Amino acid sequence: MDKSPFGPSGYGAPYGPSQNTNVLAIASLVCSVLGPLTCVSAPAGIVLGHLAKKQIRQTREAGEGLAVAGLWVGYIVTVVSLLVVIFYAVGFFWVFTRGTFLWF
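The paragraphs below set out a description of the structure included in this document. (Residues numbered from 1 in each chain as written. Predicted model: local features only at pLDDT ≥ 70, side-chain atom pairs only at ≥ 80, totals over all residues. Heavy atoms only, no water.)

**Describing a nonpolar patch on the surface**
Quick reminder of the rule: Surface patches are defined over residues having more than 30% relative accessible area and no salt bridge, joining like charges when they lie within 9 Å and nonpolar side chains (Val, Leu, Ile, Met, Phe, Trp, Tyr) when within 5 Å. For accessible areas, the Shrake-Rupley method is used with a probe of radius 1.4 Å. Any residue's cover is judged against the shown protein chains and nothing else. Between Lys or Arg on one side and Asp or Glu on the other, a salt bridge is scored when a side-chain nitrogen of the former is within 4 Å of a carboxyl oxygen of the latter. Numbered from the N terminus, helices here are DSSP runs of H or I no shorter than four residues, and strands are runs of E no shorter than two. Relative accessibility decides the category of a residue: with a 1.4 Å probe and only protein chains considered, values under 20% of the type maximum give buried, values over 50% give exposed, and everything between is partly exposed.
The grouping of W72, I76, V80, V84, F87, Y88, F92 and F96 at the surface amounts to a nonpolar patch, some 960 Å² of accessible area in total. Examined against the element boundaries, Y88 turns out to sit in helix α4 (residues 64–98). Overall, Y88 belongs to the partly exposed group, its relative accessible area being 48%.

So, in C-alpha cells, the structure goes:
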C-alpha cells in the first residue's frame, strides 16, 4: 500500500467544468471560410459573428475567438470578392466600349 503523507492519488478533473462554445461563433467561422466557394456565405458569416459576440456577452459562453475570426475572415473575403467583381465589371465595360482586349 502507498503510505503517502499527501493522501491517495486520484484521477480528478484538474480543471473546472467545461464551458459550452457558442454555436453561432462556430457557424460564423465556417460560413466565412466557405465564402470563396459559395460567393454568398461570407456576409452571412459576418452577421453570425456579430450575433455570436452579442450572445457571448450575455451568456458568457466560450467562442469569442471563433466569433472574431469569423468576422475578420468574413470581412476580408467580402472585400476581396467585391474588388474582383468591380475589376471584372470594369474589364467587361472596357471591352464592350473599346472592342478590344488591349488595356491601352
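**Quick word on the side chain of T78**
Which entries qualify depends on this criterion: Only heavy atoms matter for contacts: two residues are in contact if any of them lie within 4.5 Å across the pair.
Tracing the backbone through its elements, the reader meets T78 in helix α4. Apart from the residues lying within four places of it in its own chain, the contact partners of T78 are A42, P43 and I46.

**Brief notes about the packing of helix α3 (residues 41–59) against α4**
Relative placement of two packed helices is described by the angle separating their axes and the distance separating the axes. The cut-off we apply is this: Between the N-to-C directions of two axes lies an angle of 0 to 180 degrees, each axis being a line fitted to C-alpha atoms and, for a helix, fitted only over the stretch in contact. For this classification, under 35 degrees means roughly parallel, over 145 means roughly antiparallel, 65 to 115 means roughly perpendicular, and everything else is oblique. Each crossing is labelled by how the near helix is turned from the far one, with a counterclockwise turn of less than a right angle marking it left-handed and a clockwise turn marking it right-handed. Here the nonpolar group is Ala, Val, Leu, Ile, Met, Phe, Trp, Tyr, Cys and Pro; Asp, Glu, Lys and Arg are the charged ones; every other residue, Gly included, is treated as polar.
Where α3 contacts α4, the axes come no closer than 8 Å and their chain directions differ by 155 degrees. Taken together, the axis directions place α3 and α4 in an arrangement best described as roughly antiparallel. Considering only the axes of α3 and α4, their crossing is left-handed. Here α3 contributes A42, P43, G45, I46, G49, H50, A52, K53 and I56 to the contact with α4, which in turn contributes E64, A67, V68, G70, L71, G74, Y75, V77 and T78. Among the residues making up the contact of α3 with α4, the classes are represented as ten nonpolar, six polar and two charged.

**A word on the environment of A25**
The residue A25 is located in helix α1 (residues 23–33) in this model. Assessed through its relative accessible area of 0%, A25 is described here as buried. Here the alpha-carbon distance between A25 and A52, two residues 27 residues apart in the chain, equals 5.1 Å. Discounting chain neighbours no more than four positions away, the residues touching A25 are A52, I56, G63, L66 and A67.

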